[in-house]
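Architecture at a glance
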Amino acid sequence: MARRLLACFGRRGGGATAAAPDQTADDNQQQQQVAPGPVLVELFASQGCGASPEADAVAARLAQDSAAQEGGAAGGCSPPVVVLAFHVDYWDHSGWKDPFASSAWTVRQKAYVEALRLDTLFTPQVVVQGRAHCVGTDQDALAKAVRDAPR
């Protein structure tokens, strides 16, 4: 047993060793079997938008379901997700301001509008893995975008 423990930390007396750049086929195969990372879900919303609270709830359920699946409670049918919410500032008008809004988040959303070749930005909007988007209140479209997202 002691030899196995020492094998984890390198050769006896030699300290830790770095992996050789020319890995064997077995090493490459093991790396390919590692589970892919989570899917990034970005919600763009505003307190000035009437539909944003519902979108917040949809995103929160998605995050909770993902956390439950990682714990083994739901069987792991969908990929794990990381949900980020950004409050944009273009709804700040008529003397009322969203205290969570930032022009940086508006710039971020505008970059997605350009990258995804959309006509306009809107709230609530969800961008999935930087490649797909949908209305933040459309739970079915969001679930499909997460399932189909490249990882």
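Residues numbered from 1 in each chain as written. Predicted model: local features only at pLDDT ≥ 70, side-chain atom pairs only at ≥ 80, totals over all residues. Heavy atoms only, no water.

As named in an unreviewed UniProt entry, the chain is Thioredoxin-like protein, taken from Urochloa decumbens.

Focus: the overall build of the chain
Heads up, the condition is: Only DSSP runs of H or I covering at least 4 residues are called helices, and only runs of E covering at least 2 are called strands; the numbering of each starts at the N terminus. Only protein chains enter the accessibility calculation, which uses a 1.4 Å probe; a residue whose area is less than 20% of its type maximum is buried, one above 50% is exposed, and one in between is partly exposed. Should any heavy atoms of two residues lie within 4.5 Å, those residues are counted as being in contact.
Check the secondary structure of the chain and you find five helices and four strands. Ordered by position in the sequence, the α and β elements of the chain form the string α-α-β-α-β-α-β-β-α. Here the chain holds 151 residues, and the buried ones make up 26% of them. For the chain, long-range pairs separated by at least 24 residues make up 53% of all intrachain contacts whose partners lie at least 6 apart in sequence.

Describing the sheet that holds strand 2 (residues 81–87)
The condition is simple: Strand pairing is defined by DSSP finding a minimum of two bridges between the two strands. As a rule, the C-alpha atoms of each element are fitted with a line to give its axis, helices using only the stretch in contact, and angles between N-to-C directions run from 0 to 180 degrees.
Spatial ordering of the open sheet is given by 2-1-3-4, a layout of four strands whose pairing is mixed. One side of each edge strand has no neighbouring strand; the edge strands of this open sheet are strand 2 and strand 4 (132–135). The mean inter-strand angle of the sheet, taken between neighbouring strand axes irrespective of direction, is 20°. Summarising the sheet, strand 3 (residues 125–128) and strand 4 pair through four bridges and their orientation is antiparallel. Residue pairing across strands places Gln125 opposite Val135, the latter belonging to strand 4. This element, helix 4 (residues 103–115), spans strand 1 (39–45), strand 2 and strand 3 of the sheet and lies at about 115° to strand 1.

Regarding the nonpolar core
The cut-off we apply is this: Within this scheme, the nonpolar core is defined by two criteria: the residues are buried Ala, Val, Leu, Ile, Met, Phe, Trp, Tyr or Cys, and they are joined through side-chain atoms within 4.5 Å.
In terms of nonpolar packing, the biggest core is built from 16 residues, with Val39, Val41, Val126, Val128, Leu142 and Val146 touching the most fellow members. Elements supplying a minimum of two residues to this core: strand 1, helix 3 (52–70), strand 3 and helix 5 (139–148). For Val41, the residues in contact, after removing those within four places along its chain, are Leu62, Val81, Val82, Val83, Leu84, Val126, Val127, Leu142 and Val146. In terms of nonpolar packing, the next biggest core, distinct from the first, is built from five residues, Phe86, Val88, Tyr112 and Val127 among them.

Let's talk about the side chain of Gln125
Applicable threshold: In protein, a polar contact requires one atom able to donate a hydrogen and another able to accept it; more generally it is a pair of N or O atoms within 3.5 Å, and residues adjacent in sequence count only if both atoms are side-chain atoms.
Along the polypeptide, Gln125 turns up in strand 3. Among the polar contacts made by the side chain of Gln125, one reaches the side chain of Gln109 at a distance of 2.7 Å. Side-chain polar atoms of Gln125 contact the side chain of His133, separated by 3.4 Å. Residues within four places of Gln125 in sequence aside, it is in contact with Glu42, Leu43, Phe44, Gln109, Leu118, His133, Cys134 and Gly136.

Overview of the packing of helix 3 against helix 5
Defined as follows: Reported orientations rely on four angle classes, namely roughly parallel under 35 degrees, roughly antiparallel over 145, roughly perpendicular from 65 to 115, and oblique for the rest. In this scheme, a crossing is called left-handed if the near helix is turned counterclockwise away from the far one by less than a right angle; it is called right-handed if the turn is clockwise.
Direction vectors running N to C along helix 3 and helix 5 enclose 40°, while the axes themselves pass 11 Å from each other. On the basis of the axis angle, helix 3 is oblique to helix 5. Remark: the crossing between helix 3 and helix 5 carries right-handed chirality. Contacts between helix 3 and helix 5 involve Val58, Arg61 and Leu62 from the former and Gln139, Leu142 and Val146 from the latter.

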